[in-house]
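# Structural overview for review
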Amino acid sequence: MDAEPVALEAPRSSWVLLIAVLVGSGCRTPSAAQRPLRRELPMASDADGRTPLSDTPRGRDALVFAPVEHQPDGLALDSELSDEVIGYRAEAIAERPEPLLEIGGRFLSSGPIPAGVELPTGQVFQPSLIVFGDLRSAVQSHDSGSDVRTEWANRLDLFANLSLSGTERVLLGLRPIDGERGQFTGYSLEPDEDSGWESGFNSRIRTLYFEGEFGELFPGLDDGDRHALDYGLTIGRVPLLVQDGFLVDDDVDLLGVTRNSLTAEGVSNLRLTGLVGWSGVDQGGGADGETGAMVGLLTAADTSLFDSSMALDLLFVDGHQRDSDACYLGGSSVQRLGVLDTTFRVATSVPLHGDTPSATAGTLLASEVAYTLEGREHVVYANGFWSIDQFSSAARGPDRGDAVARIGILFEPVGMGTFGIPLGGALSDTVGGALGYQHFLNGTRGQIVFEIGGRGSLEGEHESALALGARYQRAFGQHQVLRLDAFVATREGDDSSQGIRAEWRVKF
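Residues numbered from 1 in each chain as written. Predicted model: local features only at pLDDT ≥ 70, side-chain atom pairs only at ≥ 80, totals over all residues. Heavy atoms only, no water.

A few words on the overall build of the chain. The helix and strand inventory of the chain stands at 1 helix and 28 strands. Counting only residues that meet the buried cut, the chain has 37% of its 508 residues in that class. Summarising the internal contacts of the chain: among those between residues at least 6 apart in sequence, 55% fall at separations of at least 24. Of the roughly 28,500 Å² of accessible surface on the chain, a fraction of 58% belongs to carbon and sulfur atoms. (Helix = DSSP H or I, 4+ residues; strand = E, 2+ residues; numbered from the N terminus. Buried < 20%, exposed > 50% of the residue type's maximum accessible area, 1.4 Å probe, protein only. Contact = heavy atoms within 4.5 Å. Areas by Shrake-Rupley, 256 points an atom, 1.4 Å probe, with all protein chains shown as cover.)

Structure, rendered in structure tokens:
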């Protein structure tokens, strides 16, 4: 804040003015080479000898930045402002994509903000509804070596987002034309006995939850914002991702409470989340169609240790009648080491009643390392994993692949139809990895990925496999994307497999 000028009276002399100027409250302190020098201000007196406040230079007018030659040791100012005048370039701003349906305030648009409705709690709601989605249509063929499946498959993810304020909203999500167990709407070409039209129409609600912030919902409880009531609340059917899908990748009915922006020694931000999930927990991938319940504590922190972001998560899953109760623990660290972007992860599963089809004991170690080529946006990456015994995730949707789906494009499912995973399979004393190169085309409008990957069993119970894959993607306009995938794989003691697919994607 600006200090008021103070006049001191000296015996038989004029008034002397002392001015203290404080600039940029809360900003980073400049270095010695960048620190502005105070200049002497001319005295301006009125009839009675006092300096009028209105004539006193204030703020930036009270400062002068030293010329380069006056800096210590002749150092130049890195923060020196250019004298070049650059006008406002409206043409450089992309046109706002129009959603499928928009009622109320326009998302990411300009114009007046509606007054809204004040609730009895003191919260002001400014409702707006946006309907948006993602339509995918693909022709794909997968030859597993013993079976060939060729199909035209379609998937629609449709969402309605009711925004109530800047912190509160209700989100509804449907997937009405396909299912999570391979059902799809389209046409099956091969095998001949299954050829014909397919229908995957359904009315299942995949996502429906409310999220908000307690301190914003009840602002009257803390008028001065001194009691740290900023707790995030989430309740409903939520797409839950824990440890980037290694521990959980599922749609779970839950209640979650989050406390954010905590600090500690060496920690700039700490987030704590407690959750209770009462339904929808597909333990072991939901192979038996039964779901369980879970409780968990999720933590994430930005730390000074290697400037890393760390997470530690603990979950307990109640398997109900399947005797598959189990505890799960996961930890990760994301950081930049020199020129490398790295992620290291460990997760473990501990069944309380021994191994079952839904819960098995094991530990999974994984690493992800990426290097961006100097002066370019292209990326080289090397990812790997090691499953000690038979690790199993706490909850995985049937169409989410296995726990190492994010290791590479050869390990991830396409998420529609019956197209297989080139290097998918159970994790039982298994090691594997992928080495890839991502090349961007036409800026970031297109990209192509080449990848080689493999996996093998340390115990010899599961065949080793090696695969080569490629993916090409190209954006058209603001809403459409073309994607092409191809792979060839060979497994020990088995015929080779291959697959090819072409997908057109429309985002609206």
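The next thing to look at is the confidence of the model for the chain. Model confidence for the chain is summarised by a mean pLDDT of 83, while 81% of its residues fall at 70 or above. Note that pLDDT drops below 50 for residues 1-60; the model gives that stretch 63 contacts with residues more than four away or on any other chain. (pLDDT = per-residue confidence, 0-100.)

Core analysis: the biggest nonpolar cluster contains 49 residues, and Val248 and Met294 have the highest contact counts within it. For Met294, the contacting residues outside a window of four places in its chain are Leu240, Val248, Leu275, Val276, Gly277, Val281, Leu315, Phe316, Val317 and Ala395. (Core = buried A, V, L, I, M, F, W, Y, C linked by side-chain atoms within 4.5 Å.)

This part is about the packing of aromatic side chains. Enumeration over the complete set of coordinates arrives at 7 aromatic pairs. When the centroid spacing of 6.3 Å and the interplanar angle of 75° are considered together, the rings of Trp152 and Trp197 count as edge-to-face. A residue pair is termed long-range when its members are at least 10 positions apart, and Trp152 in strand β9 (residues 148-163) and Trp197 in strand β12 (residues 196-198) qualify at 45 residues. Note on Trp152: relative accessible area 34%, which makes it partly exposed. Taking 5.8 Å as the distance between ring centres and 90° as the angle between the ring planes, the aromatic pair formed by Phe385 and Phe411 counts as edge-to-face. Here the residue Phe385 occupies a position in strand β22 (residues 379-389), and Phe411 occupies one in the loop between β23 (395-396) and β24 (430-441), the gap between them amounting to 26 residues. This pair shows no difference in class: Phe385 is buried, exactly as Phe411 is. (Phe/Tyr/Trp six-rings, centres within 6.5 Å; stacked < 30°, edge-to-face > 60°.)

Moving on: the pairing of β9. Note: strand β8 (residues 128-143) against β9, 16 bridges, orientation antiparallel. In the sheet register, Asp134 faces β9, and the bridge partner there is Asp157. Counting the residues between successive antiparallel strands, the hairpin from β8 to β9 contains 4 residues, one of them, Gly145, with a positive phi of roughly 105°. Here β9 runs beside strand β11 (residues 185-190); their pairing, made up of 5 bridges, is antiparallel. (Pairing = 2+ DSSP bridges.)

Okay, the environment of Met310 next. Mapping Met310 onto the fold places it in strand β18 (residues 309-318). C-alpha of Met310 to C-alpha of Gln335: the two residues are 25 residues apart in sequence and 8.8 Å apart in space. When neighbours within four sequence positions are excluded, Met310 is seen to be in contact with Thr299, Ala300, Ala301, Thr303, Leu305, Ser332 and Ser333.

Enumeration according to the criterion identifies 27 salt bridges in this entry. As a salt-bridge pair, Asp485 and Arg471 come within 2.6 Å of each other at their nearest N and O atoms. Of the two residues, Asp485 sits in strand β27 (residues 480-491) while Arg471 sits in strand β26 (residues 465-476), which places them 14 residues apart along the sequence. Connected through shared salt-bridge partners, Arg136, Glu412, Arg471, Arg483, Asp485, Arg501 and Glu503 make up one network. (Salt bridge = Lys/Arg side-chain N within 4 Å of Asp/Glu carboxyl O.)

Attention now moves to a nonpolar patch on the surface. On the surface, a nonpolar cluster with roughly 540 Å² of combined accessible area is contributed by Leu305, Phe306, Leu337, Val339, Leu340 and Phe344. Tracing the backbone through its elements, the reader meets Leu337 in strand β19 (residues 326-337). Since its relative accessible area comes to 36%, Leu337 is described here as partly exposed. (Patch = residues over 30% accessible without salt bridge, like charges linked within 9 Å, V, L, I, M, F, W, Y side chains within 5 Å.)

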